[in-house]
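Residue strings, one per chain:
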Amino acid sequence: MRIALIADIHSNLEALEAVLWDVERRGPVDAWWCLGDIVGYGPDPAACLRRVRELEARCIAGNHDWGAVGKVALTEFNRAAAEACRWNGEHLGAGERAFLADLPLTVENGIFTLAHGSPRDPIWEYLLSPEQAQDCLALLRTPHGLVGHSHLPLWFGLPEGGGALSYGSLNEEAPLRLSGGRFILNPGSVGQPRDGDPRAAYAIYDSDANAVTGYRVEYDIAAVQAKVVAAGLPATLAQRLSMGW
Ligand code: ZN
């Protein structure tokens with residue numbers, strides 16, 4: 001079984017379409033899992049949500065998804081993020097808002113638990129250290145965890161029988177084998193990467209290989225930046241896309 005893992009699309013339709021195309025050219029997948037933040041920041045919330053729903057992706061709630069529909073207070077966000085979150089919410093229909101509001105915080109799917117931020121704080125925690133990963137793995141009822149939120153393609157591993165935690169970046173050159181321990185990983189962000197590489201990020205889990213591979217794909221950043229500006233969204237949200245931050 002092959003499962004495409006996407007996260008933090010953030011209303012970036014061009015990046016999402018590039019990822020869909022890239023997944024397709026690598027061969028069929030059996031399922032799509034989306035780790036939160038379909039909307040927020042970018043200029044195409046309704047179109048991105050429509051595409052994700054067409055994929056019948058298994059989705060969980062992100063802070064921006066709930067911010068856009070008033071389930072999380074916008075005062076919790078920085079100014080540009082709050083402004084974009086409000087704009088995103090205003091550009092969704094009632095059915096789309098209900099879809100976001102009804103998303104679960106966590107989902108257990110086979111050997112994985114899905115949470116946007118972290119399993120212990122699905123809305124807000126940025127999972128960035130091996131110590132956090134260890135604490136979170138202790139909470140899981142599944143062997144492995146999948147998260148988004150930090151927009152960084154990362155993995156953390158806890159070896160079987162104890163020992164030092166390992167971690168690394170998720171990439172195409174060295175697929176992460178899910179053997180010999182427990183892992184928690186982030187496929188990176190489709191629509192607003194923050195690791196200095198502006199290309200859209202996603203990953204594919206292959207159950208035969210028992211491995212997760214991270215991929216990057218170029219998309220038309222200038223087109224999205226023009227839409228951000230045309231929508232009257234904060235200019236920093238356009239600029240950061242070409243810096244991968
Ligand atoms: Zn996000």
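Preceding this paragraph is the structure being described.
First, a word on what this report is: a plain description of the structure on this page. (Residues numbered from 1 in each chain as written. Predicted model: local features only at pLDDT ≥ 70, side-chain atom pairs only at ≥ 80, totals over all residues. Heavy atoms only, no water.)

**Overview of the overall build of the protein chain**
So, point 1. Assigned secondary structure in the protein chain consists of 8 helices and 12 strands.
So, point 2. Over its C-alpha trace the protein chain gives a radius of gyration of 17 Å, about what one expects of a compact globule, namely 18 Å for 245 residues.
So, point 3. Principal axes of the C-alpha set define a box for the protein chain whose edges measure 55 × 35 × 30 Å.
So, point 4. Burial statistics for the protein chain: of 245 residues in total, 59% are counted as buried.
So, point 5. Restricting to contacts in the protein chain with at least 6 residues of sequence separation, those with at least 24 account for 72%.
So, point 6. Roughly 10,000 Å² of accessible area belongs to the protein chain as shown, and the carbon and sulfur atoms make up 51% of that amount.
So, point 7. Averaging the coordinates of the 20 positive side-chain charges in the protein chain and doing the same for the 30 negative ones gives two points 2 Å apart. (Helix = DSSP H or I, 4+ residues; strand = E, 2+ residues; numbered from the N terminus. Rg over C-alpha atoms; globule rule 2.2 N^0.38 Å. Buried < 20%, exposed > 50% of the residue type's maximum accessible area, 1.4 Å probe, protein only. Contact = heavy atoms within 4.5 Å. Areas by Shrake-Rupley, 256 points an atom, 1.4 Å probe, with all protein chains shown as cover. Lys, Arg positive; Asp, Glu negative; His and termini not counted. Charge placed at Lys NZ, Arg CZ, Asp CG, Glu CD.)

**Observations concerning the sheet that holds strand 2 (residues 31–34)**
So, point 1. The strand order across the open sheet formed by 6 strands is 3-2-1-11-12-9, and the pairing between neighbours is mixed. Looking at which strands have only one partner, the edges of the open sheet turn out to be strand 3 (58–59) and strand 9 (176–177).
So, point 2. Across 7 bridges, the pairing between strand 11 (residues 200–206) and strand 12 (residues 211–217) is antiparallel. Note on strand 12: the bridge partner recorded for Ala-203 is Gly-214. (Pairing = 2+ DSSP bridges.)

**Considerations on the packing of aromatic side chains**
So, point 1. Inspection of the entire model under this criterion finds 6 aromatic pairs.
So, point 2. Taking 5.8 Å as the distance between ring centres and 80° as the angle between the ring planes, the aromatic pair formed by Trp-33 and Phe-112 counts as edge-to-face. On the criterion of sequence distance, the pair formed by Trp-33 in strand 2 and Phe-112 in strand 5 (residues 112–115) is long-range, its members being 79 residues apart.
So, point 3. Judged by relative accessible area, Trp-33 falls into the buried class, the value being 8%.
So, point 4. Accessibility expressed as a relative area gives 1% for Phe-112, which makes it buried.
So, point 5. Each residue in the set Trp-33, Phe-112 and Tyr-205 is aromatic and connected to the rest through ring pairs, giving one cluster.
So, point 6. Between Lys-71 and the ring centre of Trp-66, over which it is positioned, the NZ or CZ distance is 4.0 Å. (Phe/Tyr/Trp six-rings, centres within 6.5 Å; stacked < 30°, edge-to-face > 60°. Lys NZ or Arg CZ within 6 Å of the ring centre and 35° of its normal.)

**Notes on the packing of helix 2 (residues 45–54) against helix 5 (residues 94–101)**
So, point 1. Orientation of helix 2 relative to helix 5, taken along the N-to-C sense of each, is 65°, at an axis distance of 11 Å. Helix-helix and strand crossings are classified by hand; for helix 2 and helix 5 the assignment is left-handed. Along its contact with helix 2, which presents Ala-46, Leu-49 and Arg-53, the element helix 5 presents Gly-95, Glu-96, Phe-99 and Leu-100.
So, point 2. Partitioned by chemical class, the residues of the contact of helix 2 with helix 5 number 4 nonpolar, 1 polar and 2 charged. (Axes fitted to C-alpha atoms, helices over the stretch in contact; angles between N-to-C directions. Left-handed = near helix turned anticlockwise from the far one by under 90°. Nonpolar A, V, L, I, M, F, W, Y, C, P; charged D, E, K, R; others polar.)

**Topic: the coordination of the zinc ion**
Note on metal sites: the ideal angle is 109.5 degrees for four tetrahedral donors, and 90 or 180 degrees for six octahedral donors.
So, point 1. Binding of the zinc ion to the protein goes through Asp-8 (OD), His-10 (NE2), Asp-37 (OD) and His-151 (NE2), at separations of 2.1 to 2.5 Å.
So, point 2. Around the zinc ion sit 4 donor atoms, and with donor-metal-donor angles ranging over 88 to 174° the site reads as irregular.
So, point 3. Donor residues for the zinc ion, ordered by position in the chain, follow D-x1-H-x26-D-x113-H. (Donors = N, O, S within 2.8 Å, 3.2 Å for Na, K, Ca; no water. Tetrahedral: all angles 85-135°; square planar, octahedral: opposite > 155°, others 65-115°.)

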